[in-house]
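# Coordinate analysis (summary)
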Amino acid sequence: MRRHIIVFTAACLAFCGTAGTVAKERTSEVPALQPVACPIELPAELASRISCGKVTVPRDYARPEAGSFELMVLVGRAATPTPGAAPVYFAGGGWSPSIIDDTPGIMRGIATTRDVVLFDKRGAGFSEPEICPPTMVEAQIAAVAADLPLSAMLPALRTALHNCREDMRRRKLDPAWFNVRTTSRDLDQVRRVLGHDRIMLFGRSNGARQVLDYLAAYPQHAAAAVVDSPALPDAYTPRASASYDRSLKLTFTACAADAACAARFPDLPALYREANAGLERQGLAIPDAKAPGGALIMNSADFEMLLHLMLYSRQGIAAVPAAIEAVAKRKTAFLTPMVGIALSGMRSNREITGHVQECRDLPSLQDAPPVTRGSDIVHLDGVCNFWSKPGEPSRLPENSSVPVLLLSGRFDPITPPANARIAAAAIGSKARLVEMQQTGHGAAYTRCVVREMIPAFLDHPEAALPDCTSSETPIAFLVPPG
């Protein structure tokens, strides 16, 4: 359970004007910030520079009488402020995890020289409302953990989603209130409440889609933006399995080029086929104390889901060949920690709630093709037609005047580098495109990018950038003994 601590020290300083910008837009129509206790435990060395508050936003901007939601906002003050520097607003990615949970890492990075603002979007993290109670998330996990073929797993997943939608209906929560365009209006409401004329933005994955939409809607208030591994509007969203296949093939090729990996796994594609064939004959019980019955029964669809998650990170990619061998040789001890991490991620990301926004933002999901692959479960067919009608899709900034640094990872299994190239083409001459060659989803996790490239770009968006690709080292594949 999250522990709450009260951080009110210098609250007015943190909210009434941060370094480099002053309150110029406050009007009687903009609600005041409500200082509150920060909802996470903060390290002692950071607590004095952090304050939290709530911003009230309309449930429906077209019908204010529909009521309001309260969004949790965290402001972190720079350790050594850069005079005149615009604050950096972080847009959360994923479905419903809290960006505020990432505060310590962000404060030790970007917030060393400039103020940061983190807010959980409506329906996510510590902001209102709660979407899909935890029991419904556990029902989804139970469907994955059970010894069910994909054909039987899918109806169970649809049932969990249908129950979530019915819960929203009982609580009179309209799915039309949850979409990228509305969150852009919320983000701008936060900006106005905090009194910032111009801001910088950072977003990864779905957070990057959010940043791109904000740049299209409010370019006059954006000084620059960093977009990492961007998800794109509907027309550019590939099938997840296509991205997975591309990433897995790159991993096979990289293993073959690595002497140690190639020696241990001389024919990795054949070993992968062997692993899947074995799972088709009999599922593999992986101990997990939180799973129903104390174990996840892995079948081929579950295995694909696990590898898909592993391909997100450099560390996960390095362990993919060993994981394939472990499944083929049925070595459950090696797989247990990986499955535990995957299930923990499902609980924290709460992907069941993704349909709240995705069904509105991606009209093509109304007629999604049948799911036949584990990696495609993220866009489950037969859900959006009962969830909600599609809304207006998110936007890309066209011929933007705002400098944008677009990052991608070559191995990314969900938002391939082509996404960043598409966004760059729309943005035009202000786009700076960097593809890291030895990582997956989230190029900003690379040490050189986060410590050198991003700070340099934020300080001087038009200047030359540090060359981080030349300092990359090849992925060191895990080769277990024996």
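First things first, this report covers the structure right here in the doc.

So, how was this worked out
- Residues numbered from 1 in each chain as written.
- Predicted model: local features only at pLDDT ≥ 70, side-chain atom pairs only at ≥ 80, totals over all residues.
- Heavy atoms only, no water.
- Phe/Tyr/Trp six-rings, centres within 6.5 Å; stacked < 30°, edge-to-face > 60°.
- Helix = DSSP H or I, 4+ residues; strand = E, 2+ residues; numbered from the N terminus.
- Buried < 20%, exposed > 50% of the residue type's maximum accessible area, 1.4 Å probe, protein only.
- Expected span 1.5 Å × (residues − 1).
- Polar contact = N/O pair within 3.5 Å; in protein donor to acceptor, adjacent residues only side chain to side chain.
- Axes fitted to C-alpha atoms, helices over the stretch in contact; angles between N-to-C directions.
- Parallel < 35°, antiparallel > 145°, perpendicular 65-115°, else oblique.
- Contact = heavy atoms within 4.5 Å.
- Nonpolar A, V, L, I, M, F, W, Y, C, P; charged D, E, K, R; others polar.
- Disulfide = S-S within 2.5 Å.

Attention shifts here to the packing of aromatic side chains. For the structure on display, the rule yields six aromatic pairs. Ring plane angle 35° and centroid distance 6.0 Å describe the contact between Phe69 and Phe178, whose orientation is recorded as tilted. With a gap of 109 residues between them, Phe69 in strand β3 (residues 68-76) and Phe178 in the loop between α5 (150-170) and α6 (180-194) connect regions that are remote in the sequence. Residues Phe69 and Phe178 agree in their burial class; the two are buried. Put simply, the rings of Phe69, Trp177 and Phe178 touch in pairs and so form one group of aromatic residues.

Time to look at α6. An α-helical segment advances 3.6 residues per turn. Residues three or four places apart therefore align on the same side. For α6, built from 15 residues, the straight-helix expectation of 21 Å at 1.5 Å per residue is met to within 8% by its first-to-last C-alpha distance of 21 Å. Burial within α6 is extensive, with twelve of its 15 residues counted as buried. Of all the positions in α6, only Val180, Thr182, Thr183, Ser184, Asp186, Leu187, Asp188, Gln189, Val190, Arg191, Val193 and Leu194 are classed as buried. At the N-terminal boundary of α6, the capping side chain belongs to Asn179, with an oxygen 3.3 Å from the backbone nitrogen of Arg181. Just past α6, the residue Gly195 takes up positive phi, approximately 75°.

Another aspect to go through is the packing of helix α8 (residues 240-257) against helix α10 (residues 268-281). Between α8 and α10, the least distance of the axes is 10 Å, while the angle of their chain directions is 130°. In terms of orientation, α8 and α10 fall into the oblique class. Residues Tyr244, Leu248, Phe252 and Cys255 of α8 pack against Leu268, Pro269 and Tyr272 of α10. Along the lines of polarity and charge, the residues of the contact of α8 with α10 split into seven nonpolar, no polar and no charged.

Okay, the state of the cysteines next. Per the stated rule, a full pass over the model turns up three disulfides. The side chain of Cys38 participates in a disulfide bridge whose partner is Cys52; the two sulfur atoms lie 2.1 Å from each other. Its torsion about the S-S bond being 105°, the disulfide of Cys38 and Cys52 is classed as right-handed. Pair noted here: Cys38 is in the loop between β1 (34-36) and α2 (44-47) and Cys52 is in strand β2 (residues 50-58), with a separation of 14 residues, a long-range link. Of the residues examined, Cys38 reaches a relative accessible area of 0% and is grouped as buried.

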